Amino acid sequence: MSTARDEILQALRNNRPTPENHPLPPVATLGDLDASRERFITSLRILGGDVLEPVEGETLDQAILRRHPDARVICSNVPEAKGTLPVEKVKTPQDAATIDVTVVRAPFGIAEMGSIFLSEAQLPINSFAHLGQHIVVLLSVDELTANMHTAYQERPEFKTASYGVLMSGPSATADIQGVLIRGAQGVRSLSVWFT
């Protein structure tokens, strides 16, 4: 026996417009279209992130240890860094909570916000990028886009990812008196290594 609710919902399903018959309007391209490395770095630093600049002849593993000399558990999801904990062993949030430094590659960055995008394609579990103490993100300069408008228009990840997160620096929180605390509910630092 169907209810009035079921009948209404079925009528909505049956009469829903299809994208072929009613295409969405084009997304406006707004704002400054500067997608430069310099703009990204300026925005990243404003929000508490930083760039991990290589020293001549230095590997990524060496640079990570230079930046985080006390790190013991380094979990890398990229071939450029070996780390000390194989990413395959991170299966639960409790496993991720033991990580000192997480290393991932972002498919793209947004220059206006100094943000990097991560989804299930880069994170073996959702909490992988949030429960470690620090995160090092590999990012290609060629994968920078100017702003959220251009990211939405140009990047297929917005349409293919089951979920996504934009990170612009370390976790931060502030109280009504304006006391800012970084690393309160997530990573204490975010460093970008340009490839």
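The residue numbers shown here count from 1 along each chain, following its written sequence. Only residues with pLDDT of 70 or above have their local features reported here, since the model is predicted, and side-chain atom pairs are shown and tallied only from 80 upward, although totals for entire chains, interfaces and linings are computed over all residues. Remark: hydrogens and water are excluded; side-chain values derive from all non-hydrogen atoms of the structure.

To continue, consider the pattern of salt bridges. Criterion for a salt bridge: a side-chain nitrogen of Lys or Arg within 4 Å of a carboxyl oxygen of Asp or Glu. In the structure shown here, the tally under the stated rule is nine salt bridges. A salt bridge links Arg67 to Asp50; its shortest N-O distance comes to 3.8 Å. Here the residue Arg67 occupies a position in helix α3 (residues 60-67), and Asp50 occupies one in strand β1 (residues 50-51), the gap between them amounting to 17 residues. With its nearest N and O atoms 2.1 Å apart, the salt bridge here joins Arg105 to Glu80. Residue Arg105 is found in strand β4 (residues 101-105), and its partner Glu80 is found in the loop between β2 (74-76) and β3 (85-86); the two are separated by 25 residues along the sequence. Residue classification places Arg105 among the partly exposed residues on the basis of a relative accessible area of 30%. Only protein chains enter the accessibility calculation, which uses a 1.4 Å probe; a residue whose area is less than 20% of its type maximum is buried, one above 50% is exposed, and one in between is partly exposed. A residue is classified by how much of its surface remains accessible, and Glu80, at 37% relative accessible area, is partly exposed. Numbering of helices and strands runs from the N terminus; a helix is a DSSP stretch of H or I covering at least four residues, while a strand is a stretch of E covering at least two.

A few words on the side chain of Ser43. Here Ser43 lies in helix α2 (residues 37-46). Classification of Ser43 by relative accessible area gives buried; the value is 11%. Of the polar contacts made by the side chain of Ser43, one reaches the backbone oxygen of Ala111; its length is 3.1 Å. Residues adjacent in sequence count toward polar contacts only when both atoms are side-chain atoms; beyond that, a polar contact is any pair of N or O atoms within 3.5 Å, and within protein one must be able to donate a hydrogen and the other to accept it. Among the polar contacts made by the side chain of Ser43, one reaches the main-chain carbonyl oxygen of Glu112 at a distance of 3.0 Å. Whether two residues are in contact is decided by their heavy atoms: any pair within 4.5 Å suffices. Residues within four places of Ser43 in sequence aside, it is in contact with Ala111, Glu112, Met113 and Gly114.

Pairs of strands are assigned from DSSP output, requiring at least two bridges between the strands. Pairing is mixed in the open sheet, where four strands are placed in the order β8-β5-β6-β9. In this open sheet, the two edge strands, each paired with only one partner strand, are β8 (144-145) and β9 (164-167).

Any link to function would need more than the numbers given here.
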